[in-house]
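Next come the chains, spelled out residue by residue.
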Amino acid sequence: MPRSTIALALLSLTLGCATSSGAPPADAPTAPTHVVTAEEQAAFLAAKAVFTARCLACHSRTGARRGPRALRHLDMTSYPFAGRHAAQAGAAVREALTGKKPSMPKGKPGSLTAEELALLLAWADAFDRGPAAPSMKPAERADAPPLDAGPGSGG
Ligand code: HEC
């Protein structure tokens, strides 16, 4: 088993995520598998402006600086997020912002204000407290709020 598969499997166990059958092929589109709790929804709405201002330029399908790699990792165009890290989005964002080697926002890691950081981390915590959902089909998320970067959201 390649090391990346083991790491993914461990992560799945640790986080109790829904994909117990192993990692999907790298290029497979990742459907959201996460049920949004009321707490998480509230935390997301509180953090939404920060995501919009600091992340969506690259991580939204309509962002001014969008690219296939950012979208493949975490597609924030709508909520819940899609992409390879969708099932562990809370942990992935926390790691990218406050891990040993912060990497996001790309090119300017560490540039968030304390307030911005607190909102994103509160969202990540709420995400992690949610249930490990069996699945959430697109039809069941008709109320998923659009999260559009729009013009001039900067980077
Ligand atoms: C300037 C473009 C840009 C911005 C702004 C940006 N990202 Fe990214 N992000 C990327 C790219 C490109 C990748 C793909 C991995 C890489 O190239 O580092 C990525 C990957 C990620 C990943 C996966 C990390 C990994 O190592 O696999 C996470 C999580 C993430 N971004 C979160 C965020 C968050 C949260 C913000 C806002 C605070 C943000 N990003 C802002 C471009 C960006």
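Provided above is the structure to which this section pertains.
Residues numbered from 1 in each chain as written. Predicted model: local features only at pLDDT ≥ 70, side-chain atom pairs only at ≥ 80, totals over all residues.

**With respect to the packing of helix α5 (residues 89-98) against helix α6 (residues 114-129)**
So, point 1. For the pair α5 and α6, interaxial distance at closest approach is 8 Å and the crossing angle is 150°. Judged on the interaxial angle alone, α6 and α5 are roughly antiparallel. Two packed elements cross with a definite hand, and for α5 against α6 that hand is left-handed. Contacts between α5 and α6 pair A89, G90, A91, V93, R94 and L97 from the former with L117, L120, L121, A124, D125, F127 and D128 from the latter.
So, point 2. Across the contact of α5 with α6, the residue classes tally to nine nonpolar, one polar and three charged. (Axes fitted to C-alpha atoms, helices over the stretch in contact; angles between N-to-C directions. Helix = DSSP H or I, 4+ residues; strand = E, 2+ residues; numbered from the N terminus. Parallel < 35°, antiparallel > 145°, perpendicular 65-115°, else oblique. Left-handed = near helix turned anticlockwise from the far one by under 90°. Contact = placed C-beta atoms within 7 Å. Nonpolar A, V, L, I, M, F, W, Y, C, P; charged D, E, K, R; others polar.)

**Digging into the site of the ligand**
So, point 1. What surrounds the ligand is a group of 21 residues, the closest being C55, C58, A70, M104 and K106.
So, point 2. Sorting the residues of the shell around the ligand by element identifies α3 (56-59), α4 (68-73) and α5 as the ones contributing at least two each.
So, point 3. For the shell around the ligand, the class distribution of residues is ten nonpolar, seven polar and four charged. (Near = placed C-beta within 6 Å.)

**Digging into the nonpolar core**
So, point 1. A47, F81, A89, V93, L120 and W123 are the most contacted members of the largest nonpolar core, which totals 29 residues.
So, point 2. Mapped onto this core, the elements with two or more residues apiece are α2 (38-54), α3, α5 and α6.
So, point 3. Among the elements that line this core, the one with the most residues is α6, at six residues.
So, point 4. Residue contacts for F81: discarding those within four places in its chain leaves L74, D75, M76, A86 and A89. (Core = buried A, V, L, I, M, F, W, Y, C linked by C-beta atoms within 7 Å. Buried ≥ 20, exposed ≤ 12 C-beta atoms within 10 Å, placed from the backbone.)

**Details of the packing of α2 against α6**
So, point 1. Between α2 and α6, the least distance of the axes is 8 Å, while the angle of their chain directions is 140°. Classified by the angle between their axes, α2 and α6 sit oblique to one another. Handedness of the α2/α6 crossing: left-handed. When α2 is examined against α6, the residues E39, E40, A43, F44, A46, A47, V50 and R54 are found in contact with a partner set consisting of E116, L119, L120, A122, W123, A126, F127 and R129.
So, point 2. Each residue belonging to the contact of α2 with α6 can be placed in one class, and the counts come to eleven nonpolar, no polar and five charged.

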